[in-house]
Amino acid sequence: MRFNQILIVDSIPAGERNTARELYQDVGLRAQVSAPAPEVRYRRVESQDEFLTLLPELAAAASATGDIPVLHIECHGNDDGLAFSDGSFVTWVDLKGPLTTLNIATAMNLLVVVAACDGSALTSTLGLVDRAPVHGLIGPTRAVTPEELMRAYLELYGTLIRTRSAREAVEAMLRATSDTFVYRAAQWLFQYVWDHYQETHETPEARLERGIKMAANPPADYVGPPLQPEIFAQALAERNREFFDAFRRKFFLCDLFPEHETRFPVRYDAR
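This one's a predicted model, so the numbers in the text were calculated from it and none came from an experiment. (Residues numbered from 1 in each chain as written. Predicted model: local features only at pLDDT ≥ 70, side-chain atom pairs only at ≥ 80, totals over all residues. Heavy atoms only, no water.)

Trainee: Break down the overall build of the protein for me, citing the residues and quoting the values.
Mentor: When helices and strands are counted, the protein shows 10 helices and nine strands. Oriented by its inertia axes, the alpha-carbon framework of the protein measures out at about 70 × 40 × 40 Å. Across the 271 residues in the protein, those meeting the buried criterion constitute 49%. Considering only residue pairs separated by 6 or more positions, the protein has 72% of its internal contacts joining residues 24 or more positions apart. Here the protein displays about 12,900 Å² of accessible surface, and carbon together with sulfur accounts for 53% of that area. One way to put it: in the protein the 27 positive side-chain charges average out to a point 5 Å from where the 37 negative ones average out. (Helix = DSSP H or I, 4+ residues; strand = E, 2+ residues; numbered from the N terminus. Buried < 20%, exposed > 50% of the residue type's maximum accessible area, 1.4 Å probe, protein only. Contact = heavy atoms within 4.5 Å. Areas by Shrake-Rupley, 256 points an atom, 1.4 Å probe, with all protein chains shown as cover. Lys, Arg positive; Asp, Glu negative; His and termini not counted. Charge placed at Lys NZ, Arg CZ, Asp CG, Glu CD.)

Trainee: Any chance you could break down the layout of surface pockets for me, citing the residues and the numbers?
Mentor: Of the voids in this model, the largest pocket is the one considered here, and its volume is about 290 Å³. Broken down by secondary-structure element, the contributors of at least two residues to the lining of the largest pocket are β4 (76-78) and α4 (146-163). Across the lining of the largest pocket, the residue classes tally to 10 nonpolar, four polar and four charged. (1 Å grid on protein atoms, 1.4 Å probe; cavity = no way out; pocket = protein on both sides within 12 Å on 5 of 7 lines; lining within 4 Å. Points joined across faces, edges and corners; volume = space filled by probe spheres on them. Nonpolar A, V, L, I, M, F, W, Y, C, P; charged D, E, K, R; others polar.)

Trainee: Pulling in residues and values, what's your account of the sheet that holds β4?
Mentor: Strand order in the open sheet formed by three strands is β4-β5-β6, and the pairing between neighbours is antiparallel. Among the strands making up the open sheet, the edge pair consists of β4 and β6 (89-91). Averaged over all neighbouring strand pairs, the angle between strand axes comes to 20°, with direction disregarded. Examined bridge by bridge, strand β5 (residues 81-83) and β6 share three bridges and lie antiparallel to one another. Among the inter-strand pairings, G81 is bridged to a residue of β6, identified as T91. (Pairing = 2+ DSSP bridges. Axes fitted to C-alpha atoms, helices over the stretch in contact; angles between N-to-C directions.)

Trainee: Provide a residue-level description of the sheet that holds strand β1 (residues 5-10), including the pertinent values.
Mentor: Pairing in this open sheet of six strands is mixed, and the strands run β2-β1-β3-β7-β8-β9 from one edge to the other. Two strands bound the open sheet, and with one partner strand each, they are β2 (39-44) and β9 (181-185). On average, each strand axis in the sheet is tilted by 15° relative to the strand beside it, whichever way the strands run.

Trainee: Give a description of the packing of helix α6 (residues 186-201) against helix α7 (residues 204-216) that names residues and reports values.
Mentor: The N-to-C vectors of α6 and α7 enclose an angle of 65°; their axes lie 6 Å apart at closest approach. Only A206, R207 and R210 of α7 make contact with α6, whose side of the interface consists of Y197, Q198, T200 and H201. Along the lines of polarity and charge, the residues of the contact of α6 with α7 split into two nonpolar, three polar and two charged.

Trainee: Got a sec to walk through the pattern of salt bridges? Specific residues and values, please.
Mentor: Enumeration over the complete set of coordinates arrives at 18 salt bridges. Across the pair R21 and D10 runs a salt bridge whose closest N-O atoms are separated by 3.9 Å. Taken together, the residues span a long stretch of sequence, with R21 in helix α1 (residues 19-32) and D10 in strand β1 at a distance of 11 residues. Notably, a salt bridge pairs D245 with R248, separated by 3.9 Å at the nearest N-O pair. (Salt bridge = Lys/Arg side-chain N within 4 Å of Asp/Glu carboxyl O.)

Trainee: Account for the side chain of S11, naming residues and giving values.
Mentor: Inspection of the secondary structure assignment puts S11 in the loop between β1 and α1. Engagement of the side chain of S11 in a polar contact is seen with the backbone nitrogen of S85, the distance being 2.8 Å. If near-sequence neighbours (up to four positions away) are discounted, S11 is found in contact with R44, V45, E46, E74, C75, F84 and S85. (Polar contact = N/O pair within 3.5 Å; in protein donor to acceptor, adjacent residues only side chain to side chain.)

Trainee: Any chance you could break down unusual backbone geometry for me, citing the residues and the numbers?
Mentor: For A107, which is not a glycine, the phi torsion comes out positive at approximately 60°. The residue A107 is located in the loop between α3 (92-105) and β7 (111-114) in this model. Accessibility expressed as a relative area gives 14% for A107, which makes it buried. In the Ramachandran plot, R164 falls in the positive-phi region, its phi being about 65° despite a non-glycine side chain. Within the secondary structure, R164 is located in the loop between α4 and α5 (166-176). The class for R164 is partly exposed, based on a relative accessible area of 26%.

Trainee: Explain helix α2 (residues 48-65) to me, and be specific about the residues and the numbers.
Mentor: In this model α2 runs 26 Å from its N-terminal to its C-terminal C-alpha over 18 residues, within 8% of the 26 Å that 1.5 Å per residue would give. Where α2 is concerned, the buried positions are F51, L54, L55, L58, A59 and A62. All buried residues of α2 fall inside an arc of 135° around its axis, so they share one side. In α2, the exposed residues that point more than 90 degrees away from the buried face are D49, S63, A64 and T65. (Expected span 1.5 Å × (residues − 1). Arc of directions from axis to C-beta.)

Trainee: Help me get a handle on the packing of α6 against helix α9 (residues 240-251), residues and values and all.
Mentor: Relative to each other, α6 and α9 sit at 150°, their axes nearing to 11 Å. Judged by the inter-axis angle, α6 sits roughly antiparallel to α9. For the pair α6 and α9, the sense of crossing is right-handed. Touching A186, L189, F190, V193, W194 and Q198 of α6 are N240, F243, F244, F247, R248 and F251, all from α9. (Parallel < 35°, antiparallel > 145°, perpendicular 65-115°, else oblique. Left-handed = near helix turned anticlockwise from the far one by under 90°.)

In structure tokens form, the structure reads like this:
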């Protein structure tokens, strides 16, 4: 994963301990002793509108200048989305599109770190026609104290700056804060979506049911002998690898960045 910036977005309500500003100061000091040092930036946003305006700004900058930020978001929220200091709320459904655009602009190097939740609900918004919205997503699995957040994220960023490896940084963070945070890599997101699709749409029973429905209501432009549900179901099974490859190539942006064919290896398991 490549990055040259760490952008800390602050939307902590007034009157609360502001771990975003503390983190900005501490991570900035750590970056100064690194070579080459990533730029550590701070941005205050008050509302979902300001945040949703920020994301395309970052995408435009990435496309124009090659800037690749680690996007760290400090706010409240839950598994459905993020809550900002003015009380407004943005869901992962609403975030998926802008994050995907930013991830494409960074050539799939976008690491998102949230202080509000683990973002696992992002997986429920993804389907077989989607591109990856992130390179990876990090967040806590439960409500955490400011002290826990600071300890975890200082370990994360200290290791990330030193090693440039998201996985090593997450491993260091997890050693410091056992079972409190989770890392969802793009490969994990892909596998989750694919497995869910297989379990719900590609069982023998599900394929046969689709064949029965297709035979009863064939497409208006279909010309040929009557459709046989069993034959249709078998054709679906034979094309499953084809579906997998098409989803893999789109999700990991292989059509845009051919080098991703080997950068993001995932294995097809026949069912």
